[in-house]
Amino acid sequence: MNNEYDEYEADYGAEYDDEYEADYRAEYETEIKRKRVEKPEPNEALRRKVVRYRKQVIAYRVLLGLILVAVALFVVIMVFENREKAEPVDFSGVLDEKIAFHIDKDIEGLGEFQDIKSMIDDNYMRYLHKAYILFGEYPDCEYYKISPNVKRNDFDWNKDFYVNSDGLYYSYFKDGEDKGRVAIDVSEFQGDIEWDKVRDAGVEVAIIRIGYRGYGTGAMKSDTKAISNIEGALAAGLEVGVYFFSAAINREEGIEEANFCLDMIKGYNITQPVIIDSEYIAEDESARSNSISVDDRTDVVVGFCETVKNAGYTPMIYGSRDQYLRYLNIDPIGDYEFWLASYDTTDFPYHTEGYQYSRYGYVDGIIAYVDLDVWMR
């Protein structure tokens, strides 16, 4: 057997090997081509991924460009629509000149500042006090915006008020001129008053309590010395006004209090204001008017003042800084006259025609302490 196989292999082996190799190579190359179609080489896949990413970037850029163009068109349209509303700016004489900005800390008035920061801080605080009223110590304080609708005062509270020429009472001085008058406000608590002595002591104006509403009962009563004080002050030649201590809780009660005053002063020459004093009663937390809203208290005051004004008298509102700013809406009452009570450092932005500066004044002819006022009307 081995010999026959050797002869067969010698005759046909070489020929068979060549044919088999040729067939196998063709089949191998076909398979390789099929795999290349089904699965690209790694470099080709990466190239396609890069191409796809670049197309996405281009698309995003186009979208962003369209958005920017739309925004630009909107801005142009708004400018052209509003160009007639704007004031033209005259740059003549400015663009052709150089403007130098500098700070000379040695000039008069700036010597107190050691650096720019202190100047900025000082300027900020000045602005703050012009735009807001602060309750508490800065910066831990409440801010109350000053209304632009109510007339402001031009007082320098630290310099414009000091003792008058008699050296007895405070007065208001402006531009070297004494523009204030001495006033007092009294009630039954001052007892019997010798009005001639009061006049001779330099008092010109008397504001007399005409009555009050009980802040527990709500009942209105006249001051027991109201009529005798009005008659005594008028007889001594003083100008007289009256005030009512309110505990009203709504507009109707404010009007009721005003009519009470008008009935009481009928027939007397009252040339100074008829005044409402509506305040928070700190001595009695249960007071009927303590719980009303700011709007309700404002309605009380407006109802009172409107009624007084319609009767031909001058209405006025008495209160502290807190009262005006925290317990009343300032805009609806801003056209009425104010009578400010302030006994410490005063910080009040609005106009005031009366300034009560002391609760413990002494006036000849009055046996008890009395409120002292600078009257600027």
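Please read these numbers as outputs of a predicted model, since none were measured by experiment. (Residues numbered from 1 in each chain as written. Predicted model: local features only at pLDDT ≥ 70, side-chain atom pairs only at ≥ 80, totals over all residues. Heavy atoms only, no water.)

Visitor: Sorry if this is basic, but what is going on with the environment of Gly211 here?
Guide: Within the element layout of this structure, Gly211 appears in strand 7 (residues 205-213). On the accessibility criterion, Gly211 (0% relative accessible area) is buried. The residues contacting Gly211, other than those within four sequence positions of it, are Lys221, Ser222, Asp223, Tyr243, Phe244, Phe245 and Phe260. (Helix = DSSP H or I, 4+ residues; strand = E, 2+ residues; numbered from the N terminus. Buried < 20%, exposed > 50% of the residue type's maximum accessible area, 1.4 Å probe, protein only. Contact = heavy atoms within 4.5 Å.)

Visitor: Where do I start with unusual backbone geometry in this structure?
Guide: Where the residue is not glycine, phi is negative for most of them; where a peptide bond is considered, it is trans in most cases. For Asp175, which is not glycine, the phi dihedral falls at a positive 55 degrees. Residue placement: Asp175 occurs in the loop between strand 4 (170-174) and strand 5 (177-178). Take Asp175: its relative accessible area is 73%, and that puts it in the exposed class.

Visitor: So what exactly am I meant to see when it comes to the environment of Tyr172 here?
Guide: As for its placement among the helices and strands, Tyr172 is situated in strand 4. Spatially, the C-alpha atom of Tyr172 lies 9.5 Å from that of Tyr355, the residues being 183 residues apart in sequence. The contact partners of Tyr172, leaving out residues within four places of it in the chain, are Asp154, Phe155, Asp160, Phe161, Glu177, Asp178, Lys179, Gly180, Val374 and Met376.

Visitor: Just checking my understanding: could you explain the pattern of salt bridges for this structure?
Guide: The full count for this structure, using the stated rule, is 17 salt bridges. Here Lys174 ties to Asp160 by a salt bridge, and the two come within 2.9 Å at their closest N and O atoms. With Lys174 in strand 4 and Asp160 in the loop between strand 2 (140-145) and strand 3 (161-163), the pair connects residues that are 14 residues apart, well separated along the chain. Judged by its relative accessible area of 18%, Lys174 is buried. Judged by its relative accessible area of 8%, Asp160 falls in the buried class. Ionic pairing is found between Glu257 and Arg213, a salt bridge with its closest N-O pair at 2.7 Å. Taken together, the residues span a long stretch of sequence, with Glu257 in helix 6 (residues 251-265) and Arg213 in strand 7 at a distance of 44 residues. (Salt bridge = Lys/Arg side-chain N within 4 Å of Asp/Glu carboxyl O.)

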